[in-house]
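# Observations on the model geometry
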Amino acid sequence: MAVAPTLHVIASLMIDRVLSVGALPRPGQTVEARSLRTFPGGKGANQAATAARCGAAVRACGRTGADGRFIVDAMRDAGVDVAAVRCDDPVSGAAVVMVADGGENAIVIAPESNRRVTDAEIDRFLSAAVSGDLLLLQNECSGPAHALGTARARGLRAWFNAAPADAALRGLDLTGLDGLFVNETEAEALTGLTDPAAALDALAARLPGTTVVVTLGAAGARMRSGGALSTHAGYRVRAVDTVGCGDAFVGAFLAALAAGLPPEASLAWGNAAGALAATCEGAMPSLPPRASVAALAALPAGSVPA
Ligand code: RIB
């Protein structure tokens, strides 16, 4: 029997300071939060933890400070191999996350330690990867261009979550990617197109051979893979906190792919994990386990979880 590929994640780690508010503040407005809580987070850490919870063999590298050790502990508890994550940076990456009634959020990140992951560290980390393994990157860490070059040279199947969309994103050479995950904002940043369906088609035309997935929040996701279009309308849940839903999508999608499921089934896994993550507070604490994701993904799009 073929051995499932390992998922190697160059992971951003953030200390999430989560403010619960009635409504997100307008520019110039001061609002009082109902609560302030601290959670482990960071897109890469969340994605790695979801993939491991969904059954994939996951290794991560990354960098935080001594006060970020609890993020590494949470990743380890989820089943991620964290031997290559360092906790020696003077300033940990952190995020201020505002969550409004109804689950809508706004996030400001200070990447700090995440921008000090070196090319040498990435190469050392990827020297343990074998051809056919999966690599996952987000745009919150240093070195995506270097990591993509190393992935190409080593025959790794590289997936990039182009989040967050920043000025550097448009300059990044994305050729040779196995897969690209974007939300509507990131799709617009990469194409200039506000219609996510048109942006997906433009990205797929620009990157032949790359599976492109556009996530649409509660409306599910659209994907182009090998020229074929797949759509999935998502699952119906009462959203409490949408922070980390995109990360849950990415982690579960890649865990399904690593387990040998076709991209269309992986789309259902991504949507199932994203929907379940919206029903609980916090990013990493809300990441669902494999059994719940598999059970929901087996239901038709639009279903309500049991
Ligand atoms: O995607 C959610 C994550 O984005 C949060 O955990 C926060 O750390 C930011 O990086």
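Residues numbered from 1 in each chain as written. Predicted model: local features only at pLDDT ≥ 70, side-chain atom pairs only at ≥ 80, totals over all residues. Heavy atoms only, no water.

### Some remarks on the overall build of the chain
If you tally the helices and strands in the chain, you get nine helices and 13 strands. For 306 residues, the compact-globule estimate of 2.2 N^0.38 gives 19 Å, and the C-alpha radius of gyration of the chain, at 18 Å, lies within 12% of that figure. Along the three orthogonal principal directions, the C-alpha set of the chain runs to about 50 × 45 × 40 Å. For the chain, the residues scored as buried account for 52% of the 306 residues in total. In the chain, once contacts between residues fewer than 6 apart in sequence are set aside, the share between residues at least 24 apart is 64%. When the accessible surface of the chain is split by element, carbon and sulfur atoms take 55% of a total near 12,400 Å². The averaged location of the 28 negative side-chain charges in the chain is 2 Å from the averaged location of its 24 positive side-chain charges. (Helix = DSSP H or I, 4+ residues; strand = E, 2+ residues; numbered from the N terminus. Rg over C-alpha atoms; globule rule 2.2 N^0.38 Å. Buried < 20%, exposed > 50% of the residue type's maximum accessible area, 1.4 Å probe, protein only. Contact = heavy atoms within 4.5 Å. Areas by Shrake-Rupley, 256 points an atom, 1.4 Å probe, with all protein chains shown as cover. Lys, Arg positive; Asp, Glu negative; His and termini not counted. Charge placed at Lys NZ, Arg CZ, Asp CG, Glu CD.)

### Quick word on the nonpolar core
Val-58, Met-75, Phe-253 and Leu-254 are the most contacted members of the largest nonpolar core, which has 55 residues in total. Here this core gets eleven residues from one element, more than from any other, and that element is helix 7 (residues 245-258). Of all hydrophobic cores here, the second largest spans 31 residues; its members include Ile-10, Cys-61, Phe-125 and Ala-129. (Core = buried A, V, L, I, M, F, W, Y, C linked by side-chain atoms within 4.5 Å.)

### Notes on the site of the ligand
In the vicinity of the ligand lie 13 residues, with Asp-16, Gly-42, Lys-43, Glu-140 and Asp-247 positioned nearest. Between an oxygen atom of the ligand and a side-chain N or O atom of Glu-140, the distance comes to 2.5 Å. Isolated, the ligand exposes 280 Å² of accessible area, and the fraction of that covered by the protein chains is 96%. Contributions of two or more residues to the shell around the ligand are made by strand 2 (14-21) and helix 1 (43-53). (Near = heavy atom within 4 Å. Polar contact = N/O pair within 3.5 Å; in protein donor to acceptor, adjacent residues only side chain to side chain.)

### A short note on the side chain of Ser-12
With respect to the helices and strands, Ser-12 occurs in the loop between strand 1 (7-10) and strand 2. Given a relative accessible area of 0%, Ser-12 falls into the buried group. Apart from the residues lying within four places of it in its own chain, the contact partners of Ser-12 are Gly-41, Gly-42, Lys-43, Gly-44, Ala-45, Asn-114, Gln-138, Glu-140 and Cys-141.

### Things to note about the sheet that holds strand 2
Taken in spatial order, the four strands make up an open sheet running 3-2-6-7, and their pairing is mixed. Unpaired on one side and paired on the other, strand 3 (35-41) and strand 7 (105-110) mark the two borders of the sheet. The average undirected angle you get between the axes of adjacent strands in this sheet is 20°. Across the sheet, helix 2 (residues 69-78) touches strand 2 and strand 3, and the angle it forms with strand 3 is around 60°. (Pairing = 2+ DSSP bridges. Axes fitted to C-alpha atoms, helices over the stretch in contact; angles between N-to-C directions.)

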